[in-house]
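Each chain, written out:
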Amino acid sequence: MKNSNKVVIIMQKKYSTLRETTSQNTGHGDTEVDYSVSNNGLSYRTVQSSKNIFDRIPGRFCNIHTEQLAIFLTVAITLLGDSSLYVLLPTYVFDLGIPVAAVGVILSLNRFVRIITNYYAKYLYSYFGRRRLFIYSVILSAITTLFYGLPVGVVILGFSRLIWGGCWSAMRLVSFESIAENSNDNNRGTLTGLFHSIARIGSLLAIFLGGILSNYLGYRNTYYIFAFMTFIIGVPLSFYGMSIKRSSGNMQISEQTDERATEQTQEQMTEQTPVQTTEQTTVRETGVSVGNNENTYNHVKSKVNISLKLTYFMTFLNSWVGNGLLVSTIGYILLLIFGKEVTLFNITIGVSIAASFLVSVRWFYDIFLSVIFGKLADRFGYFKIIIMNCILQIISLLIIAYTQSFILIFLAAIVGFGGVTALTSTLDASAIGYQSLNKDKNILGHFTTWQDLGAAFGSMAGYSLVIAVGYSRAYMITALMIVLAIAFAIINRKRNSE
């Protein structure tokens, strides 16, 4: 057979047989399947495995097109400038002649501008097309990284951060779109987790290399090198990544006129007992969608069982906790309770070291656990993973709020960050699933905007809330908001099941 991963569909009618072939990425290897459609529903059975024309990256948790991997790696490379700036700019603020008060503003500009650029990225996507938008964004990322090192002053540096925020909105939209177009219900969470894992590796590499290069070569030379790396590595990768073959509705159909093959396939089907029959036209085991959009949409809703609006609200809360409140205040809480040092098992530990370790755990989870959580969501369904990790977050927040034990607070923060990572992968996959069915880029635009709002206001408003009402009440209020989200999710699931 010429096409890879062939699926043979045989429409058995009273006097005639229609044969078609479709090429489909199932996400679990390449499988050839026979389908028989009758009045009773859809019967199917696996015939054999076949090789995919795409190169594959072997792994236990996912099979991914190399073009798709190139997109993820490109995004990671573009983070060299942004992620390192959070460490290097405060360190070299006096050498650069930048007002200390301007550092926080410069570092946060990219997050706030994304609230606007997330919305307009979809129009740029339609105007330029996916390929040009992604490549242009990578090139602009290299230019903004170069400006981080040039002696351009606060205004130009701030403007570079705004441009970078727009680039990130565009690259994230293209990345999520590529996942939506080249995934199904069986591997969408895995691919989303892999995206977050690779992106976080880029951030970790940026901080590690940034510290070493700046120490030996200086601040400005570090960003000249990062800009060169982004251009010389990121741009070629972006061209390769944009060569990925797109599918329409995750299904491509071509005619097969080999009558002899058709007769052989029919003979094989008569010798085999049908494995399964279903009234629906969606085949979960292969991720192949045969039927109308409404049936497919209902299938995904039954897997997610969380409405789109509730997905927006939950990603806001998750980002509020994981990228804002917990990250920005855990060190402050430890300082209030234990002072600058805490004694544990006759060992004195600095609170700043403990807080830094906890924040690094968040990155560790993103790198090593995002794919695992995404795989679990694909296997057990998004609803179970979301509810379970929301409950873990509630428990963690309440322990931090009302205990004075260093060990309990420490463990609660670790568990809380784990819940944040799991929810990030699962909620992203949920939004991408709705996007792939509705073909409406507003969905991902709204979703990422709510995500960025949670991160921006979680750091600013969350810290202010802790100062105003105390950290115990601030954490309790956040926990109650998550309880409310769980209640809405359960009600929504019951309505979908009726």
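Here, every reference points to the structure presented above.
Sequence order sets the numbering: in each chain, residues are counted from 1 along the sequence as written. Confidence filtering applies because this is a predicted model: local features only for residues at pLDDT of at least 70, side-chain atom pairs given and counted only at 80 or more, and all residues used for totals across whole chains, interfaces and linings. As a convention, hydrogens and water are excluded, and side-chain values are obtained from all of the structure's heavy atoms.

Pulling in residues and values, what's your account of the packing of aromatic side chains?
Within 6.5 Å between ring centres, the rings of Phe, Tyr and Trp (the latter by its six-membered ring) count as paired, and their orientation is classed by plane angle as stacked under 30 degrees, edge-to-face over 60, tilted in between. Across all of its chains, the model carries 20 aromatic pairs by this definition. Ring geometry for F176 against F195: centres 5.5 Å apart, planes inclined by 70°, an arrangement best described as edge-to-face. Residue F176 is located in helix α5 (residues 154–181), and its partner F195 is located in helix α6 (residues 188–217); the two are separated by 19 residues in the primary sequence. Like F195, F176 is buried. Here the aromatic cluster, defined as three or more aromatic residues joined through ring pairs, consists of Y92, Y148, Y219, Y223 and F226. Lying over the aromatic face of W363, R200 brings its terminal NZ or CZ to 4.6 Å of the ring centre. Working definition: helices are DSSP H or I runs of at least four residues, strands are E runs of at least two. Numbering for both runs from the N terminus. Partly exposed describes any residue whose relative accessible area lies between the buried limit of under 20% and the exposed limit of over 50%, with all areas from a 1.4 Å probe on protein chains only and scaled to the type maximum. We call a charge positioned above a ring when the Lys NZ or Arg CZ atom is no farther than 6 Å from the ring centre and deviates by at most 35 degrees from the ring normal.

I'd like to hear about the nonpolar core, residue by residue, with values.
Soluble, globular proteins show a tendency: their nonpolar side chains are buried together. What makes a nonpolar core is a set of buried Ala, Val, Leu, Ile, Met, Phe, Trp, Tyr and Cys residues whose side-chain atoms join them at distances within 4.5 Å. Of all hydrophobic cores here, the largest spans 108 residues; its most connected members are L89, M314 and I400. Take this core: its biggest share by element is 13 residues, from helix α14 (residues 406–438). Contact definition: two residues touch when any of their heavy atoms are within 4.5 Å. Dropping the residues within four chain positions of it, M314 is found in contact with I306, I386, C390, L427, A485, I486 and A489.

Now, about the side chain of T426: what can you tell me, with residues and values included?
Looking at the element boundaries, T426 is found in helix α14. Filtering out sequence-adjacent residues up to four positions away, T426 remains in contact with A377, Y382, I385 and I386.

Run through the pattern of salt bridges, naming residues and quoting values.
By definition, a salt bridge exists where a carboxyl oxygen of Asp or Glu is found within 4 Å of a side-chain nitrogen of Lys or Arg. Across all of its chains, the model carries 6 salt bridges by this definition. R362 serves as the salt-bridge partner of D366, at 2.6 Å between the closest nitrogen and oxygen. Note that D366 and R362 are positioned in helix α11 (residues 351–368) at a spacing of 4 residues, about one turn of the helix. You can call R362 buried: its relative accessible area is 5%. Sharing partners across several salt bridges, the network here consists of R114, R172 and D452.

By themselves, these are just geometric observations and shouldn't be taken as functional.
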